[in-house]
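Structural characterization, general
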Amino acid sequence: MNKKFIRLVSIMLSAMVLFSCVLTVSAEEGETPAPVEKVEVEIRVEGLEKTLADKEIKVDKASTLASVLEAAALDVTYTAEGAIASVKGESTVTSSQWQYAVDGAIVSEAAASYKVEKDAEIVLFNATADAVLPSFDAEEIEISGVITFVGTDKAGSKAPIANAEIKWETKSGYVTYTTDKDGKIYLAQDVLTEGDHTMEISKKNAYGVPTVVRFDAGTEVEVEELEDVQKEEKSFFDQVYDFFYSILKGVVEVWKFYFNAIVGLFGGNKAA
């Protein structure tokens, strides 16, 4: 075969391959990349003595917790094992450790591997290893003045929170109560004024380390109109009726006494 012809075919094939590569690259450059889905995260940091941070940020979906904390600029440091060592400059102390909860559940997975797949509320807290997340039930507050506090541990188990200090906001300041063995406090009627009341919870061990995570600073309890039927005033007619009934009842009792005394002298049967 003619060498010139073979060379010509080779050149044409090379040109075609090069042209196809150029087209492929051009097509790829012209494609619009798919947008990265974002999730909204609320992050609250509870230190040993106070709330250290409370913010909202948006991050890429499926970001690790470690990258979320970095994006939130919380100045987090880690141990060689990957555990959180300090947040916002606050380190662990005797019997405390940094932990975190997502949407009300304590998570044991390392921050570097846990992925945030959806909008979430995250709480970082420096507390005892067995610290619990608190919740409360105020359904009966207008009737009995009772609020019940329950703690959820890292296994998801729930139990009453006994001996916790509860601060209840009133118009003149905070009133302090202590929960009983059933996790209950009994609010006095003079502090059960209608409206919203801020509430705080605190419980620490012998080292001053929290064993119960603090509530969000905005935690409120709404008190509606009190349902105290004993406070209802009787009508004028009912009051007059009760007055004369009590007098009549007294007269009857006196006459019954004298009647029984007289009958007794003659050995008769006494009135019932």
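One structure accompanies this document, and this report is about it. (Residues numbered from 1 in each chain as written. Predicted model: local features only at pLDDT ≥ 70, side-chain atom pairs only at ≥ 80, totals over all residues. Heavy atoms only, no water.)

1. A closer look at the overall build of the protein chain
Basically, it comes down to this: Secondary structure elements follow DSSP: runs of H or I no shorter than four residues count as helices, runs of E no shorter than two count as strands, and numbering proceeds from the N terminus. For each residue, the accessible area found with a 1.4 Å probe, counting protein chains only, is set against the maximum for its type, and the residue is called buried under 20%, exposed over 50%, and partly exposed in between. Any pair of residues with heavy atoms lying within 4.5 Å of one another is described as a contacting pair. Here the Shrake-Rupley method, with its probe set to 1.4 Å, supplies the accessible areas, and only the displayed protein chains count as covering residues.
In terms of regular secondary structure, the protein chain is built from 4 helices and 18 strands. For the protein chain, the proportion of its 272 residues judged to be buried stands at 31%. Within the protein chain, contacts between residues at least 6 apart in sequence are counted, and of these 54% link residues at least 24 apart. Carbon together with sulfur atoms contributes 56% to the accessible area of the protein chain, which is approximately 18,000 Å² in total.

2. Side note on the environment of Glu-37
Relative to the elements of secondary structure, Glu-37 occurs in the loop between helix H1 (3-30) and strand S1 (38-46). Expressed as a C-alpha distance, the spacing of Glu-37 and Asp-60, which sit 23 residues apart in the sequence, is 6.0 Å. Discounting residues that sit within four places of it in the chain, Glu-37 has contacts with Val-59, Asp-60 and Lys-61.

3. Section: the nonpolar core
Filter applied, for reference: Residues enter a nonpolar core if they are buried and are Ala, Val, Leu, Ile, Met, Phe, Trp, Tyr or Cys, with the set joined through side-chain atoms within 4.5 Å.
Core analysis: the biggest nonpolar cluster contains 26 residues, and Val-41, Ile-43, Leu-74 and Leu-124 have the highest contact counts within it. Breaking this core down by element, the ones donating at least two residues are S1, strand S2 (51-60), helix H2 (65-71), strand S5 (84-87), strand S7 (97-102) and strand S10 (120-127). When near neighbours in sequence (up to four residues on either side) are disregarded, Leu-74 contacts Ile-43, Val-45, Ala-53, Lys-55, Leu-69, Val-87 and Lys-88. Core analysis: the second largest hydrophobic core is formed by 20 residues, Phe-149, Trp-168, Tyr-177 and Val-223 among them.

4. Overview of the side chain of Thr-152
Our working definition: Whenever two N or O atoms come within 3.5 Å, that pair is a polar contact, provided that in protein one can donate a hydrogen and the other can accept it, and provided that, for residues adjacent in sequence, both atoms are side-chain atoms.
Here Thr-152 shows up in strand S12 (residues 146-152). Relative accessible area serves as the criterion here: at 11%, Thr-152 is assigned to the buried category. At 2.9 Å, the side chain of Thr-152 and the side chain of Lys-158 are in polar contact.

5. Quick notes on the environment of Tyr-177
Note on placement: Tyr-177 falls in strand S15 (residues 173-178). Judged by relative accessible area, Tyr-177 falls into the buried class, the value being 15%. For the pair Tyr-177 and Asn-163, spaced 14 residues apart in sequence, the C-alpha to C-alpha distance is 9.3 Å. Once residues lying within four places of it in the same chain are set aside, the contact partners of Tyr-177 are Ala-164, Glu-165, Ile-166, Trp-168, Ile-185, Tyr-186, Leu-187, Ala-188 and Val-191. From its side chain, Tyr-177 meets the backbone nitrogen of Ala-188 in a polar contact 3.2 Å long.

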